[in-house]
Structure formats: structure tokens, C-alpha cells
Amino acid sequence: MRIIVCIKQVPDTAGGVKFKPDGTLDRAAMLAIMNPDDKAGLEAALRIKDAYPGTTVDVITMGLPKADAVLREAMAMGADKSYLVTDRPLGGADTWATSSTIAAAIREMGDYDIIFTGRQAIDGDTAQVGPQIAEHLGIPVISYAQDVKVDPEKKTVTVQRQFDDRYHVLEAKMPVLITALSELNEPRYMTPMGIWDAIDAPVTDSNDADYAEKYKEILASDGKGVIIWHRKDIPTLKDEDMGLKGSPTKIAKASDKVRKGAGTIYKDLDPDQGAATICQALVEKHYI
Amino acid sequence: MDFTLDKKHEMARSLFRDFAQNEVKPLAQEIDEEERFPRETIEKMAKNGFLGITVPREYGGQGCDELTYVLCMEEIAKVCGTTAVALSAHTSLCIDPIMSFGTEEQKQKYIPKLASGEYLGAFGLTEPGAGTDAQGQQTKAVLDENTHEWVLNGSKCFITNGSEADVYIIIAVTGTIEKRGRKMKEISAFIVEKGTPGFTFGTKEHKMGIRGSATYELIFQDCRIPEGNLLGQKGKGFNIAMHTLDGGRIGIATQALGLAEGALDLTVAYTKERKQFGRSISQFQNTQFKLADMKARTDAAQLLVYKAAMAKDAVGFTTQSTYSVEAAEAKLFAAETASAVTSECVQLHGGYGYIREYDVERMMRDAKITEIYEGTSEVMRMVISGSMLRG
């Protein structure tokens with residue numbers, strides 16, 4: 001089996017969210033980490049690899065060159081090859097442009113059986129990119145996975161999908177895209193050996209003169225490797241679907257969560273009394 | 001000369017730090033209080049490859065270097081001195097001598113299991129009457145030529161990982177030799193497995209610090225081991241022991257360094273929170289100067305420790321001692337730094353520093369042993385000055 005895991009480098013919100021004066025995220029002032037839900041997706045993929053030897057797990061990310069750090073981390077945890085999609089015209093992408101770009105890049109990566117993405121990234125919390133990638137690729141998607149089982153013979157997956165107070169058990173044929181919850185598992189640590197291999201991994205950039213030859217070498221090897229792609233390497237991506245220009249979403253303003261007060265709870269009222277009481281309170285505060 | 005860690009070592013440090021914070025720190029107080037060996041942590045370290053960091057991959061190890069191992073020791077010692085010494089005795093005192101002096105057969109037999117953590121390692125040199133003075137050794141090993149077995153009799157004391165370890169490097173007297181007209185004991189090294197008939201464990205020691213570390217007496221009564229378990233050449237046991245301790249001292253120096261750093265981190269945080277006379281005590285110049293002195297000293301210790309690790313990395317596993325002085329300097333300075341810094345950290349914590357709930361209390365108790373085991377600070381001074389005055 002071949003599994004592709006989509007990962008994203010995000011600012012670590014555990015250390016507090018920092019904004020620039022213009023209201024956008026100050027990413028430079030925050031530590032960059034692998035998005036937690038994506039890490040759970042990677043762990044799920046690596047567990048399948050452990051259980052079914054011969055499985056390969058490749059990772060892909062779109063971002064600035066410094067996103068290389070999360071690719072190295074993924075390889076140090078056990079991933080095989082990693083792809084960095086980076087180019088100025090791809091920047092400023094919303095979920096539509098991001099999913100269009102990643103789906104187009106995945107088409108260039110060759111055949112696959114399962115794609116894992118995280119449910120959502122902690123910097124945007126949209127939960128849209130995973131399902132959109134599946135839509136672009138025309139494959140089924142199972143979101144909010146809290147348990148994943150595979151049957152390599154039948155080429156199917158059986159997934160528990162979290163749903164409010166219960167879960168659904170869904171079966172799908174491969175190829176399939178699964179979005180993972182961080183509750184899915186406890187991601188493994190990197191190993192010292194994995195770190196050394198990840199840092200020593202050969203790197204090839206499609207702008208390099210010897211790219212074609214080196215890319216072949218990396219794909220043919222059992223070891224790890226980093227492949228850097230740019231706009232020109234994903235020909236099925238249309239110009240109108242990428243970057244800031246291809247992003248229908250315009251962010252008016254971003255802000256930290258505003259702490260809400262405890263509120264007022266009115267108890268032991270029937271619906272009519274409740275409605276009257278709430279209306280009265282809103283009138284008193286001049287909201288209505 | 002570049003004093004920054006490269007990408008591999010930086011990334012390894014972040015791994016070890018995460019592991020130490022998540023897996024080691026939560027148990028540190030409990031294992032100290034209960035004098036309990038942290039078996040579960042050892043198993044987790046094994047699973048993540050930490051028990052074979054320096055071991056080449058062909059023997060099932062991680063294939064990393066001494067500096068990587070030192071970073072692991074440092075991050076673990078920052079939160080738990082006990083867990084750190086278990087790793088140090090295993091790696092520096094058991095794996096290292098087998099890798100350096102063992103036959104291919106011995107390496108194949110023991111190293112993969114030690115590197116994977118299936119086996120834990122230990123080292124037995126010290127006896128009630130012989131520590132640094134190896135000529136005081138009483139444990140004897142006699143070759144039974146009929147059965148081709150060595151027969152061990154005697155005892156070892158203060159052995160780290162005692163009873164918990166599966167493989168022990170044991171130093172014993174195998175005869176007498178004449179050296180410059182004087183009769184001296186001939187000393188050799190052996191590999192002894194737990195469970196060998198005649199090999200038992202005596203008293204468990206109750207200690208001031210590193211209380212979760214299993215410190216035991218080892219007893220040998222007609223303990224028969226295969227002739228092939230002689231480690232290195234017969235009669236070279238003293239060299240093997242001293243060479244092993246050179247490496248061990250880098251481990252202990254790192255343990256000391258970690259304890260100092262860990263206590264200092266806690267103290268910086270505490271002095272910012274603790275308020276007296278209407279302001280945090282970090283605003284008093286007395287506190288600031290003490291913190292500055294401790295920081296400078298701890299950073300100096302770190303440089304000596306890293307220098308010793310790199311001196312060992314320059315030669316890898318070898319029978320030659322080329323890093324004795326670097327190791328001795330690192331251990332002397334880091335151990336005395338650990339004792340001084342942890343004691344001062346307790347002082348800055350005031351009454352709370354003397355209470356068991358506060359980690360600096362344990363760290364101060366843990367630090368003292370680093371000035372004593374694997375060669376006291378006095379012995380370190382002998383090693384260093386000896387190299388200065390020789391020739």
C-alpha cells in the first residue's frame with residue numbers, strides 16, 4: 001500500500017496567539033509545529049506501515065521553505081519520502097486554492113491507496129482542506145476518524161467517524177481520503193536514528209539542473225528523501241485556482257478569542273416564560 | 001570553532017526534551033519517594049531507541065554519536081537524576097566496554113539485546129575494600145580447565161542497576177604478576193549474566209539521593225561462567241575498568257550538568273513568582289547576581305561536557321584512552337557545579353526549597369553523588385594533574 005499524508009506547519013498556539021498590528025497572525029513570533037491533527041494522521045499511517053510491511057508513507061506539505069522542518073520531523077518519525085510544494089504564486093491561498101494545489105500535486109505523485117489529512121489546522125480551524133482534496137481527486141472521504149482499520153486484500157478501510165454523542169462505522173474502498181482527529185492516537189516520538197536519517201536525506205529541487213536524475217534516484221531508493229516542487233511541477237493546477245488570486249475567501253480581520261462572561265442562566269421557566277424573560281433582558285440592555 | 005549544535009543534534013535535543021518532560025518528569029518525585037526503580041521509563045526509552053544511541057546500526061543500535069547520547073542524558077537529568085544514571089551505567093559502563101574490548105562473538109551475543117533494551121547493563125568494580133584502588137580487589141576468578149569455566153568468588157558493592165540489569169561487567173583478580181620486581185594482582189574483566197547460578201544480590205542500599213536508582217551488593221559464590229566470557233585479554237582488566245570509567249565520567253558529568261540546569265530553570269521561574277516586600281525576589285540584586293553566577297558556571301560546565309563528548313567521538317569505540325583528561329575535567333567541574341548550584345537554588349527557594357514537594361530539594365540530594373561515584377572529585381584532580389606533570 002502507498003499512503004500519502006498531508007501535513008501543515010502551524011504556529012504553536014499553546015504558547016499564546018500573537019498578532020501583528022494589522023490584525024494578521026504574527027507567525028514569526030510563534031513557534032512552528034506540525035499541526036496536531038495532521039500528526040495523528042501521520043501516526044495512523046505509520047501504524048498501518050508497521051502492521052503491513054512493504055507499505056510506504058509519503059508526506060506532502062505546501063508552505064514556505066522553512067516548512068522543511070515538519071517534513072524532517074515526519075521522516076524522523078518514520079515517513080519515507082517528503083514533498084514540499086513552495087512557490088511565490090501559491091502564497092496567500094485560502095482553503096479552495098490550497099486544496100486545489102495539493103490535489104494537483106498529489107496527481108503528480110503517482111498512485112496511492114489512502115490519503116490522510118488532519119481534521120483541521122489549529123491556525124485556521126476550517127476543516128475544509130481535507131474533504132476538498134478528496135472532491136478534487138474524485139475519491140471518497142471519511143472525516144473525523146477516531147479509529148481506522150484497513151484490509152489490504154479487499155482494499156478497503158473501516159473507519160469510526162466521530163459524530164456528536166456517537167460514532168458511525170463506515171467502510172470505503174481505496175483509494176480513500178481520511179481526516180484524522182488528534183484523539184485518534186498518541187503520535188510516536190521521533191527516534192535518534194530517524195532524526196539522523198531525516199537530516200541526511202537527499203534533497204532535490206525541481207529548479208536544480210540534475211533534478212530529473214536525482215528525483216529518479218530518490219524514488220528508486222528505500223531510504224528517505226525530500227523533493228521540492230514549484231508551480232511548474234503541478235501542470236493540472238489552473239492559474240485561477242491558486243494563490244491569493246484563486247482564493248474566494250477574503251479575511252476581513254483575525255482576532256484572538258474574546259473571553260465571554262459567564263452569562264445569566266434562568267431556570268425553571270416554561271417556554272413562554274423563558275421567551276418573555278429573555279426578551280425583557282434584551283430590552284433592558286437596549287439590544288432590542 | 002563553532003559552539004552551536006548542528007541540525008541533527010538540535011533536533012535530537014528537542015526529541016529528548018519532549019520525552020523527558022512528558023515521560024520522565026511526571027515520575028521523578030514518586031520514584032524518589034518510594035525508592036522505586038523506574039522500570040516503565042526504561043521500557044519507554046528502549047522502545048524509542050534511547051538504550052542504544054551510540055551503538056552502530058549493524059549491532060541493532062541507533063548509529064548516533066556520543067554527543068547525541070550526552071544530549072539525551074542532559075535532558076533526562078534536568079528532570080530526574082535517577083533515570084539519567086540508569087541510562088549512563090547501561091550505556092557507558094556496559095555497552096561501551098563490550099563494544100571496545102569484546103570479541104565479535106561477544107558483541108553479536110550481547111550488543112543487539114542491550115541496544116534494544118531487552119537487556120539492561122551494569123558494571124561491577126567497587127568492593128567494600130577497593131574503590132579507586134584496584135589493587136585492593138578481593139573478588140577472584142579461577143579458570144577450571146576441566147570444564148573451561150571461570151569460577152567467581154567474592155562480592156561487589158554500590159552497583160548501579162544492581163538486580164535490575166541483565167548483563168554485568170565484573171572486574172576480578174585472576175592471579176599474581178611481577179611488575180618491576182613487585183608482586184601485584186593480575187586483574188581481568190568478565191561478562192556475567194543475571195541468573196547464573198552462584199550470582200545473587202545482597203543488600204539494597206538506601207541513599208541520600210538518586211533514590212530510585214537500584215544500588216545493590218553483588219555476591220559471587222562459586223559462580224561459573226563460560227571461559228569465553230572473559231572480556232578483553234586476561235590481565236588487562238584494570239585498563240578496561242579505567243578506560244570504561246573515562247567514558248562513564250562523561251555520562252556522570254552530563255548527569256551533573258543536567259541537574260544544575262534543571263534546578264536553575266526552576267529557580268528562575270520561582271524567583272519571578274515569589275513575592276517579598278511587595279516585589280518578586282528576582283528584582284533583588286542579590287538574586288540577580290546569584291542567578292548570573294550560576295548561569296555562567298553551568299554554561300562553562302556544558303562546554304567542558306560537550307568537549308569531552310566530542311573528544312570521545314573523535315575516536316569512537318576504542319581500546320585507547322585518549323579522552324581521560326577531558327572526561328575528568330568535565331566531571332570534576334560539572335559535579336562541583338551541580339552541588340553548588342542546586343544548593344544555592346534551594347537557598348533561593350527559601351523554606352519551600354527544603355520541602356519535598358519542590359523538585360530542587362531532590363536535585364540537591366541527587367547532585368552530591370556526582371562528586372563521588374565513578375571517581376571522586378579528588379581522583380579527578382589526580383587524573384588531571386597527573387597528565388600535567390607526567391614526562
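That block above? That's the structure.
1. Let's talk about the overall build of chain A
Helix and strand counts for chain A come out as seven helices and 12 strands. Residues counted as buried form 40% of the 288 residues belonging to chain A. Sequence-distant contacts, at least 24 apart, represent 68% of the contacts inside chain A between residues at least 6 apart.

2. A few points about the environment of Ala340 of chain B
Residues and elements named next belong to chain B. When you line up the elements, Ala340 lands in helix H8 (residues 324-349). Residue class for Ala340 comes out partly exposed when judged on the 16 C-beta atoms lying within 10 Å of it. Sequence separation of Ala340 and Met364 is 24 residues, and the distance between their C-alpha atoms is 8.6 Å.

3. Here we look at the interface of chain B and chain A
Between chain B and chain A, the contact holds 14 residues from the first and 10 residues from the second. Here the side of chain B that touches chain A gets seven residues from one element, more than from any other, and that element is helix H1 (residues 7-34) of chain B. Considering only residue class, the side of chain B that touches chain A consists of six nonpolar, five polar and three charged.

4. Some remarks on the environment of Ser387 of chain B
All names here are of chain B. Within the element layout of this structure, Ser387 appears in helix H10 (residues 377-389). What makes Ser387 partly exposed here is the crowd of 13 C-beta atoms within 10 Å. Ser387 sits 282 residues away from Glu105 along the chain, and the two C-alpha atoms are 35 Å apart.

5. Let's talk about the nonpolar core
Membership of the largest hydrophobic core comes to 190 residues, with the highest contact counts inside it found for Val5 and Ile178 of chain A together with Ile76, Phe190, Val305 and Ala334 of chain B. In terms of residue count, the dominant contributor to this core is helix H6 (residues 237-273) of chain B (14 residues). The residues contacting Ile178 of chain A, other than those within four sequence positions of it, are Ile114, Phe116, Ile142, Ala145, Val148, Val157 and Val159 of chain A.

6. A word on helix H5 (residues 104-116) of chain B
Residues and elements named next belong to chain B. In this model H5 runs 18 Å from its N-terminal to its C-terminal C-alpha over 13 residues, within 8% of the 18 Å that 1.5 Å per residue would give. Approximately 35° is the largest bend angle found in H5, and it occurs at Tyr110, with the proline Pro112 only one to four residues beyond. For H5, the full list of buried residues reads Lys107, Tyr110, Ile111, Leu114 and Ala115. Turning to H5, the residues buried within the fold contact helix H4 (81-101), strand E1 (121-124), strand E4 (167-179) and strand E5 (182-193). Phi turns positive, to about 90°, at Gly117, one or two residues after H5.

Parameters and conventions
- Residues numbered from 1 in each chain as written.
- Chains lettered and ligands numbered in written order.
- Predicted model: local features only at pLDDT ≥ 70, side-chain atom pairs only at ≥ 80, totals over all residues.
- Helix = DSSP H or I, 4+ residues; strand = E, 2+ residues; numbered from the N terminus.
- Buried ≥ 20, exposed ≤ 12 C-beta atoms within 10 Å, placed from the backbone.
- Contact = placed C-beta atoms within 7 Å.
- Nonpolar A, V, L, I, M, F, W, Y, C, P; charged D, E, K, R; others polar.
- Core = buried A, V, L, I, M, F, W, Y, C linked by C-beta atoms within 7 Å.
- Expected span 1.5 Å × (residues − 1).
- Bend = angle between axes of the 7 residues up to and from the residue.

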